[in-house]
Amino acid sequence: MSHLASRHLLGLEGVSKEDMTLILDTADSFREVLDRTIKKLPTLRGITVVNLFYEPSTRTRISFELAEKRLSADTVSFSPSTSSVQKGESLRDTVQNIEAMKIDMVVVRHKSSGVPYYLTQCMDANIINAGDGTHEHPTQGLLDMFTIRRKYKKLEGLRVVLVGDVKHSRVTRSNLWGLKTMGASVALCGPSTLMPYEVERFGVDHYTDIDEALEGADVVNIMRIQLERQQAGLFPSQREYTNLFGITRERLKRLNKNYTIMHPGPMNRGVEITSEVADSDQSVILDQVTNGVAVRMAVLYLLSGRKKEEGADND
Amino acid sequence: MTNKKFDLVIKGGRVVDPALGFGQDAHLFIKDGRISAIESDSAEMSRMLKTLDGDQVIDASEKLVVPGLIDIHVHLREPGREDEETIESGCRAAAAGGFTAVCCMPNTTPRIDNQETVKFVQDRAEGASARVYVVGAITKNIEGKELAEIGDLVKMGAVAITDDGHYVQNPDIMRRALEYSKMFKIPVCQHAEDQYLVSGGVMNESFQSTRLGLKGSPAVAEEVAVLRDIALCRVTGARLHIQHISTRRAVEAIRQAKREGVNVTTEACPHHFVLTDEEIGKEFNTNLRVNPPIRTKEDRDAVIEGLVDGTIDCIASDHAPHSEEEKDCEFDQAPSGMIGLETTLGLVKTYLVDRGYLDWGDAIRKLTSNPARIFGLKGGTLAVGAAADITIIDPDKKWTIRAEKFRSRSKNSPFIGWKLSGQVYKTILGGKVVFEL
Ligand SMILES: [Zn+2]
Ligand SMILES: [Zn+2]
């Protein structure tokens, strides 16, 4: 099998094990390319990709831009915060204008959940979700899985704990769908006010005691805590958060021996993670960043390959 | 024409009038805009009917003949948003949906919180294809701060008050509104949703909101609001009407309050007894964004139970037109509301009557005599002498909801494409046909 079931990547919910494996396997070969002196491939020559970032995210945008350039795509980056949106133009009009300039793929980041799906209704381009509201961030989920798989050579049977503001984290959702499909066991941990409603229906364990959550885990993936949640009354102070949930060297004793520390960034050092942990040998935080380019190359390549075929639009 | 004995005869239909306790085949005679007689079939009657002109007679065989339906919760958007709906277009939609009377909500621009706006709406409604009753605001500018001039509003013809779209958050203001309204014997209607608990939610808080990453509005926001208002209603002895009830525990709270004799009534909307929040699915369809939100299966089933056991007195559409442009956007940016006047009857038939929850008599009662009683309106009956507001229903007619068929200026319905059974055949207002299929 060399094609994905859908010509868009809107989320990892509902993506099959075969499709995720295909993406991860493809990323493996691109990951090797990144270690070569000449890192460029002609694969997407002639394809135009628009990076549509309604919400600022320097690292995700740069990662996508690099992935596109490594594959020789023509790329344009567009941050509507300083343009038409301020003039009151609707999202549909904005993207239809962009599409009229003859583009092939759109990478979209937006503060509203569901926008990538909405774009599939507005335009013909392949849509890649680069993070929508508190819904999904599929390429982050994939790169997290890719990073874990490179270290353990498998995902099945591993226990992954996601710690922090799991309620508002799109990374959590993508990780959760992806890891479960791939046969890993997932646990969530954070203050009860930052736990998603009816989270048990995802079929995951959930904890408010970090030490319990970490017991026997292989991977800890730490989600960012935002000050605005404290202002919204969801927890009393960053200080108390750190005391209750901060990942310190001490707490890691409960993990399995060959454990891994992850963080999708940007980190609040000293709040959700100590520098000692972030910079330790077990931390793969910078590998995640490198791997992100390879995974995004794989996604771009696989979706663009679909584009040249007619019919079979099955999302 | 005046020398004619009758202006219109509806012959051979099955007359269903819960107010009269009437459910049998009969002919209905109309004269001067009123019902002048209901006669059961007989040989003599058949002979007499044969002598009438064709245009005087509506053949209603195989049809149901019911009092004109009454919707006590609609938004007509005029004044202010005539691009979404006008009183005229809203009334055409009402007629197409079998409604001969609608009660319009005050959250227009400007608000209906003074006599001039009441008068404006009434003037605009003159000659429209449905009767329009005005519901005034509880508080000035619907800000929840100071009581509107409720006495003035009632004097001008307002039949009830509500700050619909907003919950009267301050309990003391709500208490005063209930106390004050007693003088005028009108119900105080409440959009029951504690704003602090809603906390910016854009859909029901549930596993579905968790999945979709949309901000959830919890059912407890409604329950808390309903329980508070029941307590205030109990202590003031006023009349409270809870609008668009949508949660299991809110239905239970009203059931309990009624048992205790508290003077509370409530209504349910088709979308709350037909849909669940799973419908939002992966498509983030903004036409499914409503306020209060579409809830879980348990809530929906509780609303149906409430309709069955009489806890929920009536069915209202909460017809809320929004332009295509406004709904064509991100889910959390879309305005709340869906249109409902033209789909309510078919949904009631298909989802309540056909499934055995309500018989036609009960369904019609919740669409006619009950709303009339709660808001103190004339109508809702086919009694001799009553205005000839009549709806004729083709009870088993299969049809598909089509956007291009809507008379409403807006098309924001999630039911487009749905197949229903039971359609309005003719709507008669004051003896005149205002809609025919
Ligand atoms: Zn309302
Ligand atoms: Zn309303």
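Further up the page is the structure itself.
Below, the structure is looked at part by part. Think of each chain on its own: its residues are numbered from 1, step by step along the sequence as written. Ligands are numbered from 1 and chains lettered from A, in the order in which they are written. A pLDDT threshold of at least 70 governs which residues receive local features in this predicted model, and a stricter bar of 80 or more applies before side-chain atom pairs are shown or counted, although totals over entire chains, interfaces and linings include all residues. Note that water and hydrogens are dropped before the side-chain values are worked out from all heavy atoms of the structure.

### So, the overall build of chain A
Along its length, chain A carries 11 helices and 9 strands. On C-alpha atoms alone, chain A measures out to a radius of gyration of 19 Å, which is about the 20 Å that the 2.2 N^0.38 rule sets for 315 residues. Principal-axis analysis of the C-alpha atoms gives chain A an extent of 55 × 45 × 35 Å. For every residue, the accessible area (1.4 Å probe, protein chains only) is compared with the maximum for its type, and the residue is labelled buried under 20%, exposed over 50%, or partly exposed between those bounds. The buried share of chain A, taken over its 315 residues, is 57%. Numbered from the N terminus, helices here are DSSP runs of H or I no shorter than four residues, and strands are runs of E no shorter than two. Radius of gyration here uses only the C-alpha atoms, and the compact-globule reference equals 2.2 Å multiplied by the residue count raised to the power 0.38.

### Remarks on the overall build of chain B
The helix and strand tally for chain B stands at 15 helices and 18 strands. Since a compact globule built from 437 residues should have a radius of gyration of about 22 Å, the 21 Å found for chain B is in line with a globular shape. Taken along the three principal axes of its C-alpha coordinates, chain B extends 65 × 50 × 45 Å. Residues classed as buried in chain B amount to 62% of the 437 residues present. Residue-level accessible areas treat just the shown protein chains as cover; the underlying method is Shrake-Rupley with a 1.4 Å probe. Entry remark: accessible area of chain B is about 16500 Å², with carbon and sulfur atoms responsible for 47%. Counting rule applied: Lys, Arg positive; Asp, Glu negative; His and chain ends not counted. Lysine's charge is taken at NZ, arginine's at CZ, aspartate's at CG and glutamate's at CD. Charged side chains of chain B number 55 positive and 65 negative; the gap between the two group centres comes to 3 Å.

### Remarks on the packing of aromatic side chains
Stacked, tilted and edge-to-face are the three classes assigned to paired rings of Phe, Tyr and Trp, where Trp is represented by its six-membered ring and a pair needs centres within 6.5 Å; plane angles under 30 degrees give stacked, over 60 edge-to-face, the rest tilted. Evaluation of the coordinates by the stated rule reveals 9 aromatic pairs over all chains. Judged by centre distance (4.9 Å) and plane angle (70°), the rings of F202 of chain A and F207 of chain B are edge-to-face. In this pair, F202 of chain A is assigned in the loop between β6 (185-189) and β7 (205-207) and F207 of chain B in helix α7 (residues 207-212), connecting two distinct chains. In terms of burial, F202 of chain A and F207 of chain B fall into one category: buried. Look at F415 of chain B and W418 of chain B: their rings are 4.8 Å apart centre to centre, the planes differ by 85°, and that puts the pair in the edge-to-face class. Among the aromatic residues, ring-to-ring pairing joins W177 and F202 of chain A together with F207 of chain B into one connected group. The ring of Y425 of chain B carries the charged tip of K63 of chain B above its face, separated from the ring centre by 4.4 Å. Cation over ring: K426 of chain B sits above Y425 of chain B, and NZ or CZ is 4.8 Å from the ring centre. For a ring to carry a charge above it, either NZ of a lysine or CZ of an arginine must fall within 6 Å of the ring centroid while also lying within 35 degrees of the normal to the ring plane.

### Regarding the interface of chain A and chain B
Listed per partner, the contact involves 21 residues of chain A and 16 residues of chain B. By convention, the term buried area covers the 1.4 Å-probe accessible surface removed from two parts as they join, with the contributions of both added. The contact between chain A and chain B buries some 1800 Å² in all, and 50% of this surface belongs to carbon and sulfur atoms. Among the residues chain A hides against chain B, the three largest losses belong to E13, Y117 and Y197 of chain A. Together they make up 30% of the total. Salt bridges are defined as contacts in which a side-chain nitrogen from Lys or Arg sits within 4 Å of a carboxyl oxygen from Asp or Glu. The tally of links from chain A across to chain B stands at 2 salt bridges. Only heavy atoms matter for contacts: two residues are in contact if any of them lie within 4.5 Å across the pair.

### Considering the layout of surface pockets
Space inside the largest pocket adds up to approximately 1500 Å³. Within this scheme a cavity is a closed region of a 1 Å grid, computed over the protein atoms alone, that accommodates a 1.4 Å probe without allowing it to escape, whereas a pocket is open but has protein on both sides within 12 Å along at least five of seven lines; lining residues each have an atom within 4 Å of a point. Around the largest pocket, the lining comprises 49 residues; the ones closest to its centre are T134, H168, S169, Q226 and R229 of chain A. For the lining of the largest pocket, the elements supplying multiple residues, two or more each, are α2 (58-70), α6 (170-181) and α8 (227-231) of chain A together with α6 (195-198) and α7 of chain B. Residue polarity is assigned by list, with Asp, Glu, Lys and Arg as charged and Ala, Val, Leu, Ile, Met, Phe, Trp, Tyr, Cys and Pro as nonpolar; anything else, Gly included, falls into the polar class. A class-by-class count of the residues in the lining of the largest pocket yields 16 nonpolar, 19 polar and 14 charged. Grid points are joined across faces, edges and corners, and a volume is the space filled by probe spheres set on the points.

### Here we look at the packing of helix α8 (residues 219-236) of chain B against helix α9 (residues 248-259) of chain B
Two measures define how a pair of helices packs: the angle their axes make with one another and the distance between the axes. Residue and element names in this part refer to chain B. Every axis corresponds to a line fitted to the C-alpha atoms, with the helix fit spanning only the stretch in contact, and the corresponding angles, defined between N-to-C directions, vary from 0 to 180 degrees. It is the contact of α8 with α9, at a shortest axis distance of 8 Å, that shows an interaxial angle of 15°. By the angle between their directions, the pair α8 and α9 is classed as roughly parallel. The interaxial crossing formed by α8 with α9 has right-handed handedness. Contacts between α8 and α9 involve E222, E223, V226, L227 and I230 from the former and R249, A250, A253, I254 and A257 from the latter. If an angle is under 35 degrees, it is roughly parallel; if it is over 145, roughly antiparallel; if it lies from 65 to 115, roughly perpendicular; otherwise it is oblique. In this scheme, a crossing is called left-handed if the near helix is turned counterclockwise away from the far one by less than a right angle; it is called right-handed if the turn is clockwise.

### Some words on helix α5 (residues 171-181) of chain B
Residues and elements named next belong to chain B. For α5, the full list of buried residues reads I173, M174, A177, L178 and S181. In a view along the axis of α5, the buried residues occupy a sector of 135°, so they form one face of it. Where α5 begins, the capping side chain belongs to N170, and its oxygen is found 2.8 Å from the backbone nitrogen of D172. Directions pointing from the helix axis toward each C-beta atom define the arc. Polar contact criterion, stated in full: a pair of N or O atoms within 3.5 Å, where within protein one must be able to donate a hydrogen and the other to accept it, and residues adjacent in sequence count only if both atoms are side-chain atoms.

### Description of a nonpolar patch on the surface
Residues and elements named next belong to chain B. Nonpolar side chains (Val, Leu, Ile, Met, Phe, Trp, Tyr) within 5 Å and like charges within 9 Å form the patches, drawn only from residues with over 30% relative accessible area and no salt bridge. Among the surface-exposed residues, L197, V220 and V224 lie close enough to one another that they form a single nonpolar patch of about 190 Å² accessible area. Checked against the element boundaries, V220 lands in helix α8. When its relative accessible area of 36% is taken as the criterion, V220 is described as partly exposed.

### Brief notes about the coordination of the zinc ion (ligand 2)
Residue and element names in this part refer to chain B. At 2.0 to 2.3 Å from the zinc ion (ligand 2) lie its protein donor atoms, namely H73 (NE2), H75 (NE2), D164 (OD) and D318 (OD). Only nitrogen, oxygen and sulfur atoms qualify as donors, and only when within 2.8 Å of the metal (3.2 Å in the case of Na, K and Ca); with water excluded, sites may look incomplete. Angular criteria define each label, namely tetrahedral for four donors with all angles between 85 and 135 degrees, square planar for four and octahedral for six donors with opposite donors over 155 degrees apart and remaining angles between 65 and 115, and irregular for whatever fails these tests. Classification of the site at the zinc ion (ligand 2) rests on its 4 donor atoms, whose angles at the metal span 85 to 167°, yielding the label irregular. Positions of the donor residues of the zinc ion (ligand 2), expressed as sequence spacing, correspond to H-x1-H-x88-D-x153-D. Between the two metal centres, the zinc ion (ligand 2) and the zinc ion (ligand 1), the spacing is 3.4 Å, with D164 acting as a shared donor. In this pair, D164 is assigned in the loop between β9 (160-162) and α5 and D318 in the loop between β15 (314-315) and α12 (324-327), connecting sequence segments 154 residues apart. Judged on exposure class, the residue D164 and its partner D318 are both buried.

### With respect to the nonpolar core
Working definition of a nonpolar core: buried Ala, Val, Leu, Ile, Met, Phe, Trp, Tyr and Cys residues. They are joined through side-chain atoms within 4.5 Å. In this structure, V106 and L119 of chain A together with V132 and F273 of chain B are the most contacted members of the largest nonpolar core, which totals 113 residues. If near-sequence neighbours (up to four positions away) are discounted, F273 of chain B is found in contact with A268, R300, V303, I304, L307, I315, L347, V348 and L352 of chain B. I128, L162, V166 and V284 of chain A belong to the second largest nonpolar core, which has 62 residues in total.

### Looking at the sheet that holds strand β10 (residues 188-190) of chain B
Residues and elements named next belong to chain B. The strand order across the open sheet formed by 8 strands is β6-β7-β8-β9-β10-β13-β14-β15, and the pairing between neighbours is parallel. Across the chains shown, the open sheet's two edge strands, defined by having one partner strand only, are β6 (69-74) and β15. Here, a strand pair is defined by DSSP locating no fewer than two bridges between the strands. Here β6 runs beside strand β7 (residues 99-104); their pairing, made up of 4 bridges, is parallel. Within β7, the residue paired with V74 across the bridge is C104. Docked against the sheet, helix α3 (residues 115-125) engages β7 and β8 (131-136), running at close to 170° with respect to β8.

### Structural notes on the environment of P236 of chain A
Here P236 of chain A shows up in the loop between α8 and α9 (238-245). C-alpha of P236 of chain A to C-alpha of M195 of chain A: the two residues are 41 residues apart in sequence and 15 Å apart in space.

### Overview of the coordination of the zinc ion (ligand 1)
Summarising the metal site, the zinc ion (ligand 1) is bound by the protein donors D164 of chain B (OD), H191 of chain B (ND1) and H244 of chain B (NE2), whose distances to it range over 1.9 to 2.1 Å. Along the chain, the residues donating to the zinc ion (ligand 1) fall in the pattern D-x26-H-x52-H.

### Overview of the pattern of salt bridges
A side chain of one charge can pair with a side chain of the opposite charge when the charged atoms of the two come close. Applying the stated criterion across every chain, the model contains 46 salt bridges over all chains. Taking the shortest distance from any N to any O, the salt bridge between D28 of chain A and R149 of chain A comes out at 2.8 Å. Taken together, the positions of D28 of chain A in helix α1 (residues 17-34) and R149 of chain A in helix α5 (residues 138-152) put the pair 121 residues apart, joining distant regions of the chain. Taking the shortest distance from any N to any O, the salt bridge between E179 of chain B and R175 of chain B comes out at 3.1 Å. Taken together, the positions of E179 of chain B and R175 of chain B, both in helix α5 and 4 residues apart, correspond to about one turn of that helix. By relative accessible area, E179 of chain B is classed as partly exposed at 30%. One network of salt bridges, in which partners are shared, links R77, R81, D83, E84 and E326 of chain B.

### Some thoughts on the pairing of strand β2 (residues 22-31) of chain B
Residue and element names in this part refer to chain B. By the bridge criterion, 8 bridges tie strand β1 (residues 8-17) to β2 in an arrangement that is antiparallel. The residue bridging V15 from the neighbouring strand is Q24, located in β2. The hairpin turn running from β1 into β2, its antiparallel successor, is 4 residues long, and G21 in that turn takes a positive phi close to 65°. With 6 bridges connecting them, β2 and strand β3 (residues 34-40) associate as antiparallel partners. Pairing of L28 across the sheet is with I38, part of β3. Connecting the antiparallel pair β2 and β3 is a turn made up of 2 residues, with D32 showing a positive phi of about 55°.

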